[in-house]
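This is what each chain is made of:
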Amino acid sequence: MRLFVALEIPSAVRENIAALLGSLRAISPHTRWVRPENLHLTLKFIGEVPEAKLAGIRSALAGVRSDQSMTIEFRGLGFFPNEKHPRVFWAGIEGGPNLKSLAAEVERAAETAGIPLEQRPFSPHLTLARFEPPRLPGELHATIQENAERDFGSLRTHQFHLIESKLKPSGAEYTTVESFSFAAAEA
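The structure presented is a predicted model; accordingly, all values stated were derived computationally and were not measured.

Asks: Help me out: how do you make sense of unusual backbone geometry in this one?
Replies: Working note: non-glycine residues mostly have negative phi, and peptide bonds are mostly trans. With an omega dihedral of -10°, the bond running from Phe-80 to Pro-81 counts as a cis peptide bond. For the bond running from Glu-132 to Pro-133, omega is 0°, close enough to zero to count as cis. For Pro-133, the location among the structural elements is in the loop between strand S6 (125–130) and helix H4 (138–146).

Now the structure itself:
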């Protein structure tokens, strides 16, 4: 099983990003664009694990807690590693300090289930496209710059999800294995 832990993206945010992606895809149809239905905020990529490990992972994640729900703003656009050599095009995420704390708690829980620690620091973002080779066509660059500060909406949540990713020729297909509440739901 190929697994990851993520926060679900609200439909309004997904629709706003899909509108932008539609206009960008028209400019650069050969770029590897992420399908809007596959957008999510990854807290921890687990990777391939034998199905026998699933119960331990679920049990560890069930213990993750936070003092409060989380509010996240989806805003801005950027590139990894940078604009001159873009490999990944992303939408930015602004979350309070409890977003990084939640990611760290998920990381620790996964480690107790035998999943190796992530070596890179947590950098919250939504991957919108991948560039191979890492270059940005001029018209696409100009349109991205025009939208660099765009606001896509927000999310208020008290849940995260364990998701299975099945790689298919048509692209990844995601299925939620289980949802976990990390804070009390607010009325």
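Asks: Please clarify how the pairing of strand S4 (residues 70–80) should be interpreted in this entry.
Replies: Working note: regular strand, side chains alternate between the two faces of the sheet. Alignment of S4 against strand S7 (residues 151–157), held across 6 bridges, turns out to be antiparallel. Among the inter-strand pairings, Ile-72 is bridged to a residue of S7, identified as Leu-155.

Asks: Would you take a moment to explain the pattern of salt bridges for this structure?
Replies: When charged atoms on two side chains of opposite charge get close, those side chains can pair. In total, this model carries 11 salt bridges according to the counting rule given. Of the charged contacts, one joins Glu-8 and Arg-14 as a salt bridge, the two residues approaching to 2.8 Å between their closest N and O atoms. On the accessibility criterion, Glu-8 (35% relative accessible area) is partly exposed. By relative accessible area, Arg-14 is classed as buried at 14%. When the shortest N-O distance is used, the salt bridge between Lys-168 and Glu-173 registers 3.3 Å. Looking at Lys-168, the relative accessible area reads 38%, which means it is partly exposed. The network of salt bridges with common partners includes Glu-73, Arg-75, Glu-94 and Asp-151.

Asks: How should I be thinking about H4 in this particular structure?
Replies: An α-helical turn contains 3.6 residues, so any two residues separated by three or four positions project in the same direction. Taken together, the buried positions of H4 are occupied by Leu-140, Thr-143 and Ile-144. In a view along the axis of H4, the buried residues occupy a sector of 100°, so they form one face of it. Summarising the geometry of H4, the exposed residues directed more than 90 degrees from the buried face are Gly-138, Glu-139 and Glu-146. Among the structural elements, helix H1 (11–27), strand S2 (32–33), S4 and strand S5 (88–95) are those in contact with the buried residues of H4.

Asks: What is the right way to read the sheet that holds strand S9 (residues 171–181) from this model?
Replies: Sheet strands pair by backbone hydrogen bonding; their relative direction is either parallel or antiparallel. Pairing is antiparallel in the open sheet, where 4 strands are placed in the order S3-S1-S8-S9. The sheet terminates laterally at strand S3 (40–48) and S9, the two strands that pair on one side only. When strand polarity is set aside, the average angle formed by the axes of neighbouring strands in this sheet is 25°. Of the pairings in the sheet, the one linking strand S8 (residues 159–168) to S9 comprises 10 bridges and is antiparallel in character.

Asks: Whenever I open this one, the packing of aromatic side chains confuses me. Can you help?
Replies: Both the distance between ring centres and the angle between the ring planes are used here to describe each pair of aromatic rings. Enumeration over the complete set of coordinates arrives at 7 aromatic pairs. On the numbers, 5.6 Å between centres and 40° between planes, the contact of Phe-80 with Trp-90 is tilted. Note that Phe-80 is positioned in strand S4 and Trp-90 in strand S5, a separation of 10 residues in sequence. Under the relative-accessibility criterion, Phe-80 is labelled partly exposed at 28%. Its relative accessible area of 19% is what places Trp-90 among the buried residues. An aromatic cluster is built from Trp-33, Phe-79, Phe-89 and Phe-131, whose rings are joined through pairwise contacts.

About the criteria used
Residues numbered from 1 in each chain as written. Predicted model: local features only at pLDDT ≥ 70, side-chain atom pairs only at ≥ 80, totals over all residues. Heavy atoms only, no water. Helix = DSSP H or I, 4+ residues; strand = E, 2+ residues; numbered from the N terminus. Pairing = 2+ DSSP bridges. Salt bridge = Lys/Arg side-chain N within 4 Å of Asp/Glu carboxyl O. Buried < 20%, exposed > 50% of the residue type's maximum accessible area, 1.4 Å probe, protein only. Arc of directions from axis to C-beta. Contact = heavy atoms within 4.5 Å. Axes fitted to C-alpha atoms, helices over the stretch in contact; angles between N-to-C directions. Phe/Tyr/Trp six-rings, centres within 6.5 Å; stacked < 30°, edge-to-face > 60°.

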